[in-house]
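# Notes for the structure review
One letter stands for each residue in the lines below.
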Amino acid sequence: MGATLKAVTTTEGVAPFAFSEHALAECHAIMARYPEGRTKSALIPILHIAQAGNDGWLSVPAMDAVAAVLGIQPIEVYEVASFYSMFNLRPVGRHVLEICRTTPCMLRGGDALIAHAEKKLGIHVGETTRDGLFTLKAVECLGSCGTAPMLQCGATYHEDLTPEAFDALIERLRATTVRSNYTDR
Amino acid sequence: MGRKLLLEHENVPGIQGLEVYRAKGGYRSVEKALRTMSPEAVVEEVKKSGLRGRGGAGFPTGMKWSFLAKPPGVPRYLVVNADESEPGTFKDRYLMERIPHLLIEGMITSSFALGANLAFIYIRGEYFYVSRILERAIAEARAAGWLGRNILGTGYDLEIHVHVGAGAYICGEETALLESLEGKRGNPRIKPPFPAVKGLYECPTVVNNVETIAAVVPIVNDGGEEYAKIGVGRSTGTKLISAGGNIRRPGVYEIELGVSCDEFINSDQWCGGVDGRAFKAVVPGGSSVPIVPYELFLKTAAGEDRLMTYESLSDGGFATGTMLGSGGFYAYNDAQCIVRSTWNHTRFYHHESCGQCSPCREGTGWMEKVLHRIEHGEGRMEDIDLLWDIQRRIEGNTICPLGDAAAWPVASAIRHFRDEFEFHVRHPQKVKDPRHFEKEPFVRKPKPATV
Amino acid sequence: MPKVTIDTIEIEVPEGTTILQAARMIGERDAAHRHVVPPTMCYYSKLKTSGGYCRTCIVKVTKGSDKDPRPMPKPVASCRTAVMDGMVVENTTNPELLDARKGVTEFLLINHPLDCPICDQAGECHLQDLGYEHGLSKSRYAFERRTFEPIDIGDTIKLHMNRCILCYRCVKVAEQLTDGRVHGVINRGDVAEISTYIQEAVDNDFSGNMIDVCPVGALTDRTFRFASRVWYTKPMDAHRKCPTCSGRAVLWMKGNEVLRVTGRKDQWGEVEEFICNACRFDHKDVKHWTVEGPRQVDRHSVIGANHYELQLKQKLLTKAAPDSTPVGRPQELPGA
């Protein structure tokens, strides 16, 4: 709050983007689910694929590639990508830790888990560790209130978290070189 | 009081797969409906069952189905709302994860009743891993001939697709969901027209919650009248309640509507009572429904035992009652601060407002700022009236129900816990520690129940 | 044809007419009844699917129709609600509704910069009118306002997002008048903004109409920037032979100088026809135009045509103690 919001972004210094052959085939398979002339429906699923193939965030070139696949205006992609909280419009760490901060989690220690995570990683919510491994986010209800406190990392829910369990998770993630994506199977 | 219609086989090993599911009687409703019933007859059974929308609004499902327009030559769609995002609610996730075929079966039977040949499951993006489970179930069902062309040789065709969202509570509102499914921002549409007339791709569409569609399975199998025998009055059948907060046994429970609130929260069959302290307040149906003091959750203002039904929970209106909502149940112990919780709720609605209409876009953020100020010991007495005024002017004046959903938690917190707000203003130093009521619980002066 | 009653005034209208259109028809039939017309900030009759967002035009339907006389439970957006035969609507006669509208006005203003003294829209701003007629004299919002950097979207249009009320009209202009929309609404909630997202010019033959439809000073004409307060200019109806549009416009003149060209606006503040950018930006020479004569401007604005003074007089007369002191005597107000 208080800071002046920047209305436009830049493409300077941003890596180019192209879908892999496999990803492109997946995009077309998704587009085929919708009735003729309604392929724009595939926009959100395809944005997920683009984000997973672009180090976990949606750069302008990545979004423009999505627009090209669907044959729509780039602004239609920007409008949608910026609406949904799971799309990152800025670079993120290899593992994005999304801790639930909403009331049912708060009642079971969600705030304390966030505080612990900040201390453990040495960053604040919204920041990325210097080594580029972790981005910490506080997010709204993930539908896991009975197993609170919890966090999401990529496709995985980590539930009933204690500080110790959190620390163990961090060590496990440190040891892997594979990025955590929502689309992971 | 323990019949289970949806979760009967929740603990059967392998129930996620088609083979075990089928062995336990799965897909009987599809056989019965497609082979022996007309679509109209299926709708009739759903009407007779008294089933009400399980997503939160509680609108009679059979009536919703009968509103579906049927212009010749225009496709109709069934869209399942699996965007479960109401804080406190995790029942649909549990159901889809545990028994995915129950949803698929319900969708086939329902699509047949509605005359839809294409159906979608719109699932919140965070449940990506659940979408994989559903996709597997769909593939299994398709391979076994329960989906695709000419199902069971009856000439009926159906395809089901899973569509993932990307993080937006507002997409649980059915018209925002449809916008999102069309690849747009999740901005709720201005109604009328309603989806039953102009829904997905401007075609007649029914949007139903996961649990609602799953409930169609036992309704068709056993008949609507049988289903309606369970429950009390207009609250028929069973309901999934996802219980959380400061209780001993959090989890998803299928209850017969009509269980007493006292039993539900205190018996070991369900919530198992408080987690070592004393209960203070309850939100019985998801964050949007009014928060009520524990005593008012147990008994109505008239002193009658409250039941877990749509009617009983709302007895007394907003003055002393609340709502069953989505079944997102959470309870507070006396270490919790109502002001903090209200701020947290409001931050949620502020974050999730789509920004389309002005009262919600501007009002939710304003309330959050005022609540933040009070909770952090910087509030003034007049802030409480200001909050009341803001919520009052949001309620009823927005395009979609998110405005009301943001207003009600604030209104009910002030209505029932005003002295706690005043305490924050009077004792700014005491509330600086975020766990201010942990050591010294706030003692509420009991108010006459008829406020 | 359905008959509807708005604030006790009856009118018969064609099937499918909205409450707002019916109210405007009442106002057009008899200027003395113009007060029944709800204010609008986002609805624009020439733009399809506009309206419903700002909530300023809400009204109370106390009787749904002759067939189903039940009242509607909540206020409805008059711009998006069709009249039914026998419908009864309350607007200015319903104190609760006026209170709700007051709330909407307050919401629209909490984050507005109130920089009218340096805003080119001042004098023809619908938010000024709304604030004057339905606002509070004091703000109850005690927090920092949301701010955005002003940006140029092309050579001719300035975007001051701070002033925007997210009416979506400019997006609909781009969608319905041009092909290849490059701007839209990005982000959500109270940080949603009109933007091109990447630095890009809104560049097409009809983009200038975004300025005309903007109800506030969010989109202003860079070629008119700080050139004059609008009430010091003389509007003249003029036309030229234009291959792209009708060429019927209004020249806003000072002496013989054309400071600005806009579309011709009707009494509801809407352009009668959209004009092209060539007419708007490239022909600021009076010799290029056939001047028809002074335009009868229906100065809807608070600062125009004594509207301000009249309202204020009424306020002073009806209130023994005015709620704000520094207003001075009516004849000393600017723009007189």
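Residues numbered from 1 in each chain as written. Chains lettered and ligands numbered in written order. Predicted model: local features only at pLDDT ≥ 70, side-chain atom pairs only at ≥ 80, totals over all residues. Heavy atoms only, no water.

## Topic: the pattern of salt bridges
Scanning all chains against the criterion turns up 69 salt bridges over all chains. In this structure, Lys74(C) engages Asp404(B) in a salt bridge whose closest nitrogen and oxygen atoms are separated by 2.8 Å. With one member in each of two chains, Lys74(C) in the loop between strand S3 (58-63) and strand S4 (76-77) and Asp404(B) in helix H18 (residues 402-426) form a pair that bridges those chains. Residue Arg140(C) pairs with Glu106(C) through a salt bridge whose shortest N-O separation is 2.8 Å. Of this pair, Arg140(C) sits in the loop between helix H3 (126-134) and strand S6 (151-152) while Glu106(C) sits in helix H2 (residues 95-110), and the two are 34 residues apart along the sequence. (Salt bridge = Lys/Arg side-chain N within 4 Å of Asp/Glu carboxyl O. Helix = DSSP H or I, 4+ residues; strand = E, 2+ residues; numbered from the N terminus.)

## A look at the sheet that holds strand S2 (residues 134-139) of chain A
Residue and element names in this part refer to chain A. Strand order in this open sheet of four strands is S2-S1-S3-S4, and the pairing throughout is mixed. Two strands lie at the open edges of the sheet, namely S2 and strand S4 (156-158), each paired on one side alone. Neighbour-to-neighbour, the strand axes of the sheet open up by a mean angle of 25°, direction not taken into account. Summarising the sheet, strand S1 (residues 95-100) and strand S3 (residues 151-153) pair through three bridges and their orientation is antiparallel. Each residue of the ladder has a partner; that of Leu97, found in S3, is Cys153. Along the sheet face, helix H6 (residues 110-121) touches S1 and S2 and points at about 150° away from the line of S1. (Pairing = 2+ DSSP bridges. Axes fitted to C-alpha atoms, helices over the stretch in contact; angles between N-to-C directions. Contact = heavy atoms within 4.5 Å.)

## Topic: the packing of helix H2 (residues 43-52) of chain A against helix H3 (residues 60-70) of chain A
Residues and elements named next belong to chain A. In contact at an axis separation of 10 Å, H2 and H3 are set at 135° when each is read in the N-to-C sense. Relative to H3, the element H2 is oriented oblique. Of the two possible hands of crossing, H2 and H3 adopt the one that is right-handed. Within the contact between the two elements, H2 uses Leu43, Ile46, Leu47 and Ala50 and H3 uses Met63, Val66, Val69 and Leu70. Partitioned by chemical class, the residues of the contact of H2 with H3 number eight nonpolar, no polar and no charged. (Parallel < 35°, antiparallel > 145°, perpendicular 65-115°, else oblique. Left-handed = near helix turned anticlockwise from the far one by under 90°. Nonpolar A, V, L, I, M, F, W, Y, C, P; charged D, E, K, R; others polar.)

## Brief notes about the sheet that holds strand S2 (residues 118-123) of chain B
All names here are of chain B. Strand order in the open sheet formed by five strands is S3-S4-S2-S1-S5, with mixed pairing between adjacent strands. Two strands bound the open sheet, and with one partner strand each, they are strand S3 (148-151) and strand S5 (205-209). Going across the sheet, the axis of each strand differs from the next one's by a mean of 25°, ignoring polarity. Pairing of strand S1 (residues 77-82) with S2 involves six bridges; the strand directions are parallel. Bridge assignment links Leu78 to a residue of S2, and that residue is Ala119. Most of the contacts of helix H7 (residues 128-143) go to strand S4 (residues 156-164), to which it runs at about 165°, and overall it touches S2, S3 and S4.

## Here's the deal with the side chain of Thr233(C)
Positionally, Thr233(C) belongs in the loop between strand S10 (219-221) and strand S11 (234-239). In terms of polar contacts, Thr233(C) uses its side chain to reach the backbone carbonyl oxygen of Val230(C), at 2.7 Å. (Polar contact = N/O pair within 3.5 Å; in protein donor to acceptor, adjacent residues only side chain to side chain.)

## Let's talk about the interface of chain A and chain B
Counting from both sides, the interface comprises 42 residues of chain A and, opposite them, 57 residues of chain B. Across the chain A/chain B interface, buried area totals approximately 4100 Å², and carbon plus sulfur atoms make up 57% of it. Considering only the surface of chain A that becomes buried against chain B, Arg33(A), Phe83(A) and Leu107(A) emerge as the three largest contributors, covering 17% of it. Taken together, the connections running from chain A to chain B amount to three salt bridges. We note a salt bridge from Arg33(A) to Glu135(B), for which the minimum N-O separation is 3.8 Å. Summed over the shared surface of chain A and chain B, the number is 26 residue pairs in polar contact (both at pLDDT 80 or more). Contributing elements (two or more residues each) for the side of chain A that touches chain B: H2, helix H4 (74-81) and helix H5 (103-107) of chain A. Residues of the side of chain A that touches chain B, tallied by class, amount to 20 nonpolar, 11 polar and 11 charged. (Buried area = accessible area lost by both parts, 1.4 Å probe.)

## Some thoughts on the interface of chain A and chain C
Taken together, the 21 residues of chain A in the interface contact 22 residues of chain C. Counting each side, the surface lost to burial between chain A and chain C is near 2000 Å², with a carbon and sulfur contribution of 57%. Between Arg181(C) and Glu79(A) there is a salt bridge, and its shortest N-O distance comes to 2.9 Å. Between the two partners, chain A and chain C, sit four residue pairs in polar contact (both at pLDDT 80 or more). Those elements giving two or more residues to the side of chain A that touches chain C turn out to be H3 and H4 of chain A. Of the residues forming the side of chain A that touches chain C, the biggest block, four residues, is contributed by H4(A). Residues belonging to the side of chain A that touches chain C are distributed by class as follows: 11 nonpolar, seven polar and three charged.

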